[in-house]
Amino acid sequence: MAEGLAVVIRGGEVIDAVGRRRADVMISGGQVVAVEDTIDPSGTGTAVLDASGCVISPGLVDLHTHLREPGREEAETIETGSRAAALGGYTAVVAMPNTDPPCDCAAVVQQVLDAGRSAGLCDVFPAGTITVGRAGTSLSPMAEMRALGVRVFTDDGAGVQDDGLMRRAMEYGRGAGAILAQHCEVDALAKGGHMNEGEWSSKLGIPGIPAAAEELMVARDLALAKLTGATVHFQHLSTAGSVELVRAAKAAGLPVTAEATTHHFTLTDEYCASYDSVFKVNPPLRTAADVAAIRAGLADGTIDAIATDHAPHTQESKELPFDEAPPGMLGLETALALAITELDLPMERVLALMSWRPAAIAGLVAHGGPIAPGRPANLCVFDPAAAWTVDPERLASRSRNTPYAGRRVQGKVRHTVLWGQPVVIDGEAQR
Ligand code: DOR
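Going along each chain's sequence as written, the residues are numbered from 1 onward. pLDDT decides what is reported in this predicted model: residues at 70 or higher carry local features, side-chain atom pairs at 80 or more are listed and counted, and totals for whole chains, interfaces and linings draw on all residues regardless. Water and hydrogen atoms were dropped before computing side-chain values, which therefore reflect all heavy atoms in the structure.

Remarks on the site of the ligand
Turning to step 1, where the next piece is worked out: Distances are taken per atom, and a residue is near a molecule or strand as soon as one of its heavy atoms is within 4 Å of it. Near the ligand lie 14 residues; those nearest to it are R68, N98, N282, H313 and P327.
Turning to step 2, where the next piece is worked out: Pairs of N or O atoms within 3.5 Å make up the polar contacts considered here, provided that, within protein, one atom can donate a hydrogen while the other can accept it, and that residues adjacent in sequence are counted only when both atoms are side-chain atoms. At 2.9 Å, a side-chain N or O of H313 approaches an oxygen atom of the ligand.
Turning to step 3, where the next piece is worked out: G328 is positioned with one of its backbone polar atoms (N or O) 3.2 Å from an oxygen atom of the ligand.
Turning to step 4, where the next piece is worked out: Contact with the protein chains covers 95% of the free accessible surface of the ligand, which is 290 Å².
Turning to step 5, where the next piece is worked out: Each residue belonging to the shell around the ligand can be placed in one class, and the counts come to three nonpolar, eight polar and three charged. What sets the accessible areas is the Shrake-Rupley method with a 1.4 Å probe; for residues, cover comes only from the shown protein chains. Residue classes follow a fixed rule: Ala, Val, Leu, Ile, Met, Phe, Trp, Tyr, Cys and Pro count as nonpolar, while Asp, Glu, Lys and Arg count as charged, and any other residue, Gly among them, counts as polar.

See the structure below:
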């Protein structure tokens, strides 16, 4: 479709933070220009995207994507990951900084920004590291990364172990307007573990990672958030105890936020019984009780956002024995369908968790907002009733490590519009 062409999205139901209504949406020059009961595009040279039976929502926003570039392009590139994101309905992703080299300075931030723009399929917002090289010993130059627009800082893949350093990061981050996002895991407890510590790790003889490894760091960071007044976001919460800690902190008025991944509300540690490393992830898949607690947290607002933790790994690395394979699973192309299929939540709530809440957490003002004239046209159009089967060979990601191969799901992205440009039409990427 030609650049700059006006487009009418016809026949759908608009759902955004304002509510739901039947409406056609006209976009032009990168913006929404009209939202009306019926817009007749005939004779105007306007392109039409059919949305009958579909929801038209603000584009999805992922707070937690691994795009692997620079350094591990054999697993994913910014272009292939952006294509996977667009096909999954995302118009913005926050790219994790555990690349090689890590995204811990302005030069790498700029490289990621440039590659995201040149791919042009999804807005890519690099997260910066909290510590230099993610080594956990000295603070990274947050100010130079903030100057390039970076808001989210994390050492994801590892938690910041040093209490004093984390306190300093929060004090510095608060002044700089940064969001400190933590991968909560105490190394001293998690070291040597490859799955959740519990009944299944005992049965399988695989060393475990106890829930306490996560919960101790959640508790510490809650104490430090109270001490410093910093804005703290908890990444990929996986245990019932973590949900309870965050629930209590929010009830006490602490302005913290939290995300949970798709896999932590759809899969349990029992899947590891296959010894298939596609089920190895960090934090690990937990028990059915933990899954229930994550679902309850998503339902009652304790958990603010669904994140993918899309973590591509090559086939060769995932074919290694369970204890040697890297942790991580794909997520961008399956997250919306899994949320629709597996969570018994109203569509408004699913979309709050996947679009406007994560956009607000990361301060992404052009994403997740109401669909109204004058707003940036970053939109997702999906059929909530369309059923399909996850086929790893049909994913756009460069990697194949989805734990959902063969799973029947409901909810399919039909069109994705980025800054007025349809980057996905009828489930096909346009570049
Ligand atoms: O499973 C995971 N994979 N968890 C992480 O924290 C890092 C990620 C990766 O980079 O592969």
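Focus on empty space enclosed by the protein
Turning to step 1, where the next piece is worked out: Method remark: on a 1 Å grid restricted to protein atoms, a set of points is classed as a cavity if a 1.4 Å probe fits but cannot get out and as a pocket if it is open with protein on both sides within 12 Å along at least five of seven lines; lining residues have an atom within 4 Å of a point. Grid points are joined across faces, edges and corners, and a volume is the space filled by probe spheres set on the points. Under the counting rule described, the total for this entry stands at five cavities of 30 Å³ or more.
Turning to step 2, where the next piece is worked out: Taken as a whole, the largest cavity spans an internal volume of roughly 60 Å³.
Turning to step 3, where the next piece is worked out: Taken together, V32, P58, A366, H367, G368, G369, P370, I371, R375, P376, N378 and L379 make up the full set of residues lining the largest cavity.
Turning to step 4, where the next piece is worked out: Counted by class, the lining of the largest cavity contains seven nonpolar, four polar and one charged residues.

Concerning the packing of helix α4 (residues 163-176) against helix α7 (residues 211-228)
To describe two helices that pack against each other, one gives the angle between their axes and the distance between the axes.
Turning to step 1, where the next piece is worked out: Between α4 and α7, the shortest axis-to-axis distance is 10 Å and the interhelical angle comes to 45°. What the angle tells us is that α4 and α7 run oblique. Seen along the crossing, α4 lies across α7 with a hand that is right-handed. Between α4 and α7, the residues in contact are D163, M166, R167, M170, E171 and R174 and R220, D221, L224, A225, L227 and T228, respectively.
Turning to step 2, where the next piece is worked out: For the contact of α4 with α7, a count of residues per class yields five nonpolar, one polar and six charged. To obtain each axis, a line is fitted to C-alpha atoms, and for helices this fit is confined to the stretch in contact; angles are then taken between N-to-C directions over 0 to 180 degrees. Numbering of helices and strands runs from the N terminus; a helix is a DSSP stretch of H or I covering at least four residues, while a strand is a stretch of E covering at least two. For classification purposes, an angle smaller than 35 degrees is called roughly parallel, one larger than 145 roughly antiparallel, one from 65 to 115 roughly perpendicular, and anything else oblique. Each crossing is labelled by how the near helix is turned from the far one, with a counterclockwise turn of less than a right angle marking it left-handed and a clockwise turn marking it right-handed. Residue contacts are defined here by distance: any two heavy atoms, one from each residue, within 4.5 Å place the two residues in contact.

A look at the sheet that holds strand β19 (residues 408-418)
Turning to step 1, where the next piece is worked out: Across the sheet, seven strands lie side by side as β3-β2-β7-β18-β19-β20-β21; this open sheet has mixed pairing. Edge positions in the open sheet fall to β3 (19-22) and β21 (428-429), since each of these has one partner strand only.
Turning to step 2, where the next piece is worked out: With two bridges joining them, strand β2 (residues 13-16) and strand β7 (residues 55-58) adopt parallel strand pairing. Each bridged residue has a counterpart across the sheet, and for E13 the counterpart in β7 is V55.
Turning to step 3, where the next piece is worked out: In the packing of helix α12 (residues 335-342) onto the sheet, the strands contacted are β18 (379-389) and β19, and the crossing angle to β19 comes to about 135°.
Turning to step 4, where the next piece is worked out: Along the sheet face, helix α13 (residues 347-362) touches β2, β3, β7 and β18 and points at about 60° away from the line of β2. Think of it this way: DSSP has to see at least two bridges between two strands before they count as a pair.

Some details on the packing of helix α1 (residues 78-87) against helix α2 (residues 106-119)
Turning to step 1, where the next piece is worked out: Across the interface, α1 lies against α2 with an axial gap of 9 Å and an inter-helix angle of 55°. In this view, α1 runs oblique relative to α2, as classed from their interaxial angle. Seen along the crossing, α1 lies across α2 with a hand that is right-handed. Along its contact with α1, which presents I78, E79 and S82, the element α2 presents V112, A115, G116 and A119.
Turning to step 2, where the next piece is worked out: Tallied by class, residues from the contact of α1 with α2 come to four nonpolar, two polar and one charged.

Details of the nonpolar core
Turning to step 1, where the next piece is worked out: Here, nonpolar core means buried Ala, Val, Leu, Ile, Met, Phe, Trp, Tyr and Cys residues that are tied together by side-chain atoms lying within 4.5 Å of each other. For every residue, the accessible area (1.4 Å probe, protein chains only) is compared with the maximum for its type, and the residue is labelled buried under 20%, exposed over 50%, or partly exposed between those bounds. Counting residues in each nonpolar core, the largest one holds 69 residues, and the members touching the most others are F234, V256, M354 and F382.
Turning to step 2, where the next piece is worked out: It is α13 that contributes the most residues to this core, seven residues altogether.
Turning to step 3, where the next piece is worked out: Apart from residues lying up to four places away in sequence, V256 is in contact with L222, A225, V232, F234, V246, A249, K250 and D304.

Observations concerning helix α8 (residues 240-251)
Turning to step 1, where the next piece is worked out: Here α8 spans 16 Å end to end across twelve residues, near enough to the 16 Å set by a 1.5 Å rise per residue.
Turning to step 2, where the next piece is worked out: For α8, the full list of buried residues reads S242, V243, V246 and A249. Seen along its axis, α8 keeps its buried residues to an arc of 130°; they face one direction.
Turning to step 3, where the next piece is worked out: Of the residues flanking the end of α8, it is G253, one or two places downstream, whose phi is positive at about 95°. Helix span is expected to be 1.5 Å times the residue number reduced by one. The directions considered for the arc are those from the helix axis to the C-beta atoms.

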